[in-house]
Every structure is written in structure tokens, then in C-alpha cells.
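Close look at the chain arrangement
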Amino acid sequence: MRILILKVSLKNIENSTMKTFYFLVNKLSLWGAYLSSLLLISLVCLILVEIFIRHFFDMSTMIADEYSGYLYLSSIFLGLAYTFNEKAHIRINIITSKLSLKTNNFIDIIAGIITICVLSFAFYRTILFTYDSYEFEMLSEAVSETPLYLTQLVMPLGLGLFILSVLAFVLKGFKNDI
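Residues numbered from 1 in each chain as written. Predicted model: local features only at pLDDT ≥ 70, side-chain atom pairs only at ≥ 80, totals over all residues. Heavy atoms only, no water.

**Some words on the environment of Thr 126**
Turning to its location among the elements, Thr 126 is positioned in helix H3 (residues 101-135). Residue Thr 126 is classed as buried on the basis of its relative accessible area, which comes to 11%. Contacts of Thr 126, omitting those with residues within four sequence positions, involve Met 155, Pro 156 and Leu 159. From its side chain, Thr 126 meets the backbone oxygen of Phe 123 in a polar contact 2.9 Å long. (Helix = DSSP H or I, 4+ residues; strand = E, 2+ residues; numbered from the N terminus. Buried < 20%, exposed > 50% of the residue type's maximum accessible area, 1.4 Å probe, protein only. Contact = heavy atoms within 4.5 Å. Polar contact = N/O pair within 3.5 Å; in protein donor to acceptor, adjacent residues only side chain to side chain.)

Written out as C-alpha cells, the structure reads:
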């Protein structure tokens with residue numbers, strides 16, 4: 001009887017932990033999406049200001065091109081996890097649409113594990129890339145001379161959120177909750 005109670009208790013703790021993990025991953029990806037949206041709005045505002053200043057004052061902000069690229073890069077990386085959670089990434093299902101649900105689940109788990117491996121490599125490389133920019137005090141070649149590591153920090157951050165989202169997806173697949 002004690003063993004049964006212990007098993008039920010451990011199962012409840014496990015379910016509670018997994019639900020907390022899923023909740024946390026969803027919240028983090030949602031915050032990434034909010035931040036991504038704000039960055040896109042900032043990008044549009046920056047371009048509009050540049051257009052306005054050029055048209056009416058025949059001047060330039062001198063940073064619009066550079067910072068619009070940084071804002072765009074940031075919005076893309078921060079939106080990856082949310083896009084994945086919403087199943088909005090491109091998915092080709094010519095073959096899988098003809099397979100059973102169990103087989104699809106298996107394929108999703110395998111694809112998720114491969115995705116985590118690829119993303120982990122990209123995550124590691126972006127950390128090295130960002131650290132090198134910091135270590136060598138690299139600056140942009142534009143007028144602003146922005147420290148490049150500040151603009152590159154978003155890459156490992158976005159990929160880290162994406163990895164967590166894919167990990168949650170794979171764990172749900174093992175529990176058949178996809």
C-alpha cells in the first residue's frame with residue numbers, strides 16, 4: 001500500500017513539475033513574442049523618422065540602416081519560440097498526413113530531437129560569436145560604433161528560448177500530449 005501511495009505521489013510531483021515547465025516555457029516564449037513585436041514597431045518608427053527627417057529637413061539620422069538591421073534580427077530571434085509553440089513554422093506533411101497518429105507522434109519526437117541537436121550547436125556557436133565580439137571589443141563600422149556583442153546577445157537568447165520550446169514539444173510527445 002505504501003509503495004502505491006509513493007508511486008502516485010511521485011507521479012503527481014512529476015506532473016506538477018512538467019506543468020510548471022510547460023507554463024514557464026510558454027510564458028517565456030510569449031514574452032519573447034511581445035518583445036519581438038515591440039522591436040518591429042520600433043523598427044517601423046525608426047524608418048518613419050528617417051523618412052520624415054530626410055524629406056522635410058534634408059538630413060539623416062545616420063543610424064537608421066544599421067539599427068533597423070539590429071531590430072529586425074532581434075525580432076526574428078525572439079519570435080522563434082512563440083512561432084514554434086503556435087505551430088506557425090513551415091511544416092511539410094505530404095508523407096505524414098497519410099500515416100497514423102502514433103507514427104506521426106514518433107516522427108515528431110525524432111524530428112524534435114534532431115532539431116534540439118541542430119539548435120544546440122547553433123546556440124553554442126552564437127555564444128562563442130557573441131563572446132568573441134565582447135572579448136575583442138568589436139564595434140560596428142557605421143557612424144554609431146555600436147559594440148557588436150550588445151546586438152548579438154539576442155541570438156543565443158532567442159535560440160535558448162527556441163530550444164526550450166522544442167524540448168517541451170518533445171516531452172509532450174513522449175506523454176502523447178502533442
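Now, onward.
**Focus on the layout of surface pockets**
If you add up the space inside the largest pocket, you get close to 460 Å³. What lines the largest pocket is a set of 16 residues, and nearest its centre among them are Phe 84, Ile 90, Arg 91, Asp 108 and Phe 169. Here the element with the most residues in the lining of the largest pocket is H3; it accounts for five residues. Taken together, the residues that form the lining of the largest pocket break down as nine nonpolar, four polar and three charged. (1 Å grid on protein atoms, 1.4 Å probe; cavity = no way out; pocket = protein on both sides within 12 Å on 5 of 7 lines; lining within 4 Å. Points joined across faces, edges and corners; volume = space filled by probe spheres on them. Nonpolar A, V, L, I, M, F, W, Y, C, P; charged D, E, K, R; others polar.)

**Considering helix H2 (residues 64-85)**
A rise of 1.5 Å per residue sets the reference length of H2, with its 22 residues, at 32 Å; its end C-alpha atoms lie 32 Å apart and thus fit the reference within 8%. Taking the largest bend as the criterion, H2 deviates by roughly 40°, centred on Gly 79. Where H2 is concerned, the buried positions are Ala 64, Glu 66, Ser 68, Tyr 70, Leu 71, Ser 74, Ser 75, Phe 77, Leu 78, Gly 79, Leu 80 and Ala 81. Residue Lys 87 follows H2 closely and has a positive phi angle near 55°. (Expected span 1.5 Å × (residues − 1). Bend = angle between axes of the 7 residues up to and from the residue.)

**Side note on the pattern of salt bridges**
In total, this model carries two salt bridges according to the counting rule given. Measuring nitrogen to oxygen at the nearest pair gives 2.6 Å for the salt bridge that ties Glu 50 to Arg 54. Of the two residues, Glu 50 and Arg 54 both sit in helix H1 (residues 2-57), four residues apart, roughly one turn of that helix. Among the ionic pairs, Arg 91 bridges to Asp 108, the shortest N-O distance being 2.4 Å. Of this pair, Arg 91 sits in the loop between H2 and H3 while Asp 108 is found in helix H3, placing the two residues 17 residues apart along the sequence. (Salt bridge = Lys/Arg side-chain N within 4 Å of Asp/Glu carboxyl O.)

**Considering the nonpolar core**
Core analysis: the largest hydrophobic core is formed by 11 residues, namely Phe 77, Leu 80, Ile 109, Ile 116, Leu 119, Met 155, Leu 159, Phe 162, Ile 163, Val 166 and Val 170. Breaking this core down by element, the ones donating at least two residues are H2, H3 and helix H5 (154-174). The greatest single-element share of this core, amounting to six residues, is contributed by H5. For Ile 163, the residues in contact, after removing those within four places along its chain, are Leu 119, Ser 120 and Phe 123. Judged by nonpolar contacts, the second largest core, of seven residues, contains Leu 39, Leu 43, Leu 71 and Leu 78. (Core = buried A, V, L, I, M, F, W, Y, C linked by side-chain atoms within 4.5 Å.)

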